[in-house]
Amino acid sequence: DTGRGHSSMSLARTVRAAKKTTGPTARSVRMRSTSAGSYADRDVRGALSSARADLPRPRRVLLTNDDGPDSPFFHKFAEGLRNQLNWPTFVCIPSSNWSYVSKSLKPPEGPFEVDFTHSKTDAEQEARCPISPASCVNLGLYELAKDCDLVVSGPNIGHNLGRSSILSSGTVGAALEGCVHGRRAIAMSFPFKGWGSWTDEDVTCALEVALDVTGSLWRSWSEEDAPGDAFYNVNVPLWAAAPLKREGRLADLRWVRTTVDAETGYTSLFRRGGEEGGVEKSIFEWHPTGQRVFDSETALEGGDVAAVRDGHVSITKLAPTFQGLKMM
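An account of the accompanying structure is given in this report. (Residues numbered from 1 in each chain as written. Predicted model: local features only at pLDDT ≥ 70, side-chain atom pairs only at ≥ 80, totals over all residues. Heavy atoms only, no water.)

**Remarks on the packing of aromatic side chains**
Heads up, the condition is: Any pair of Phe, Tyr and Trp rings, taking the six-membered ring for Trp, is counted once the centres come within 6.5 Å. Such a pair is stacked with planes under 30 degrees apart, edge-to-face with planes over 60 apart, and tilted for the rest. The classification of residues rests on relative accessible area computed with a 1.4 Å probe and restricted to protein chains. Under 20% of the type maximum is buried, over 50% is exposed, and intermediate values are partly exposed. Only when the NZ of Lys or the CZ of Arg is both within 6 Å of the ring centre and within 35 degrees of the ring normal is a charge said to sit over the ring.
Going through the model one piece at a time under the given rule, you end up with ten aromatic pairs. Their ring planes at 70° and their centres at 5.9 Å tell us that Phe192 and Trp195 sit as a pair that is edge-to-face. For Phe192, a relative accessible area of 1% corresponds to the buried category. A centroid spacing of 5.2 Å and a plane angle of 90° characterise the contact between Trp195 and Trp198, whose relative ring orientation is edge-to-face. Its relative accessible area of 38% is what places Trp195 among the partly exposed residues. According to the relative accessible area criterion, Trp198 is buried, its value standing at 18%. Members of the aromatic cluster, joined through ring pairs, are Phe73, Phe190, Phe192, Trp195 and Trp198. Above the face of the Trp218 ring, Arg184 is positioned so that its terminal group lies 5.1 Å from the ring centre.

Next comes the structure, spelled out in structure tokens:
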């Protein structure tokens, strides 16, 4: 994936991005904030929250991630799906970190055994596998939990914002795999402003918002969109919810409908390993550099990067396709 801020990407990730979405053409602006009026026009919280409460819950959720079992957010989110939303949830995750792999379905080196030893009960099954996030989704849907009708991927440690990052994201890639196979799907990410900068309160409040958004998206899924026609990429900034909740104003946190910012993303992902005798060696190491994408001064108005930069939840509806373009 891509999201542990560019200044700390050596810890694991960088940025993400996705297909050009339809809608108004975003224009480049050099500003620190988009006007409040612009966000008010695109705030979908009210519409989503008032969606049909009588819609049946998912038969079962297939939950995965790309950070593996060591994520500080994942198991708390799984508990929330089961205990707060009361949704049956089957977990199938990579047994290690698989960031930056997009929708890779890289075949395993040989036969492997699924590790169920971390399952607490039959209702809280957790499968760990030495395969990619998208492969976990495929294995879950076709072998381990065939009744799942909603795929949720995340929450990612860091953002998934901007085209270059979304196209690189294992979190988004897993949601895309679910969509390709005819399931409703949501990719969830938690942007932050510095590795380890979040508090327990930040995480608790972000999880509350993420669960609220997830439940609202399920209940409001357009009947015009057959499962597999579209999926959602959601980014909940870790720093945004807790201050509002302390003031009793969590309902003021905007859930903004966004497009994908195609102009803001990562640059070099590698650096040379050093010199020997004054001569540069042809040895490189993984070392993403650059500013945190949501600190960009040139983020596109109406885009996902600007929305998170300004402290809002970004919700981007994506189609699972590379759109064909006219050649001549």
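**Things to note about the side chain of His159**
Quick reminder of the rule: Going along the chain from the N terminus, every DSSP run of H or I of four or more residues is numbered as a helix, and every run of E of two or more is numbered as a strand. In protein, a polar contact means a hydrogen-donor-capable atom and an acceptor-capable atom, both N or O and within 3.5 Å, with residues adjacent in sequence counting only if both atoms are side-chain atoms; elsewhere, any N or O pair within 3.5 Å suffices.
Relative to the elements of secondary structure, His159 occurs in the loop between strand 4 (150-157) and helix 5 (163-166). There is a polar contact of 3.3 Å between the side chain of His159 and the backbone nitrogen of Leu161.

**Thoughts on the pairing of strand 1 (residues 61-64)**
Two faces make up the sheet, and in a regular strand the side chains alternate between them. Let me state the cut-off plainly: Two strands form a pair only when DSSP identifies at least two bridges running between them. When the strands point away from the viewer and the path from the first strand over the helix to the second turns clockwise, the crossover is right-handed.
In strand 1, alternate side chains face the same way, and those of Val61 and Leu63 on one face and Leu62 and Thr64 on the other are all buried. Here three bridges tie strand 1 to strand 2 (residues 89-94), and the two strands are oriented parallel to one another. Its bridge partner being in strand 2, Val61 is matched across the sheet by Thr89. What joins strand 1 to strand 2 is helix 3 (residues 74-83), and the crossover it makes is right-handed.

**Concerning the packing of helix 4 (residues 133-144) against helix 6 (residues 170-180)**
Under the convention used in this document: For helices, the fitted line uses only the C-alpha atoms of the stretch in contact; every axis is such a line through C-alpha atoms, and the angle between N-to-C directions lies from 0 to 180 degrees. Should an angle fall under 35 degrees it is taken as roughly parallel, and over 145 as roughly antiparallel, whereas 65 to 115 is taken as roughly perpendicular and any remaining angle as oblique. Handedness of a helix crossing follows the sense of rotation of the near helix relative to the far helix, less than a right angle counterclockwise being left-handed and clockwise being right-handed. Whether two residues are in contact is decided by their heavy atoms: any pair within 4.5 Å suffices. Throughout, the ten residues Ala, Val, Leu, Ile, Met, Phe, Trp, Tyr, Cys and Pro are labelled nonpolar, Asp, Glu, Lys and Arg are labelled charged, and all others, Gly among them, are labelled polar.
Orientation of helix 4 relative to helix 6, taken along the N-to-C sense of each, is 30°, at an axis distance of 7 Å. One finds that helix 4 runs roughly parallel with respect to helix 6. Crossing geometry of helix 4 relative to helix 6 is assigned as right-handed. The residues of helix 6 that touch helix 4, namely those facing Pro133, Ala134, Val137, Asn138 and Leu141, are Gly170, Gly173, Ala174, Glu177 and Gly178. A class-by-class count of the residues in the contact of helix 4 with helix 6 yields five nonpolar, four polar and one charged.

**Comments concerning a nonpolar patch on the surface**
The cut-off we apply is this: Like-charged residues are merged into a patch within 9 Å and nonpolar side chains (Val, Leu, Ile, Met, Phe, Trp, Tyr) within 5 Å, provided each residue has over 30% relative accessible area and no salt bridge. The accessible surface values rely on the Shrake-Rupley method and a 1.4 Å probe; as for residues, cover is taken only from the protein chains in view. Each salt bridge in this description consists of a side-chain nitrogen of Lys or Arg and a carboxyl oxygen of Asp or Glu lying within 4 Å of one another.
Together, Phe270, Phe284 and Trp286 make up an exposed nonpolar region whose accessible area comes to about 330 Å². Mapped onto the fold, Phe284 is located in strand 11 (residues 284-286).

**Topic: helix 6**
Taken across its eleven residues, helix 6 has nine buried, putting it largely inside the fold. All of the buried residues along helix 6 are Gly170, Thr171, Val172, Gly173, Ala174, Ala175, Glu177, Gly178 and Cys179. Taking the backbone nitrogen of Thr171 as reference, a side-chain oxygen 3.1 Å away marks Ser169 as the first, capping residue of helix 6.

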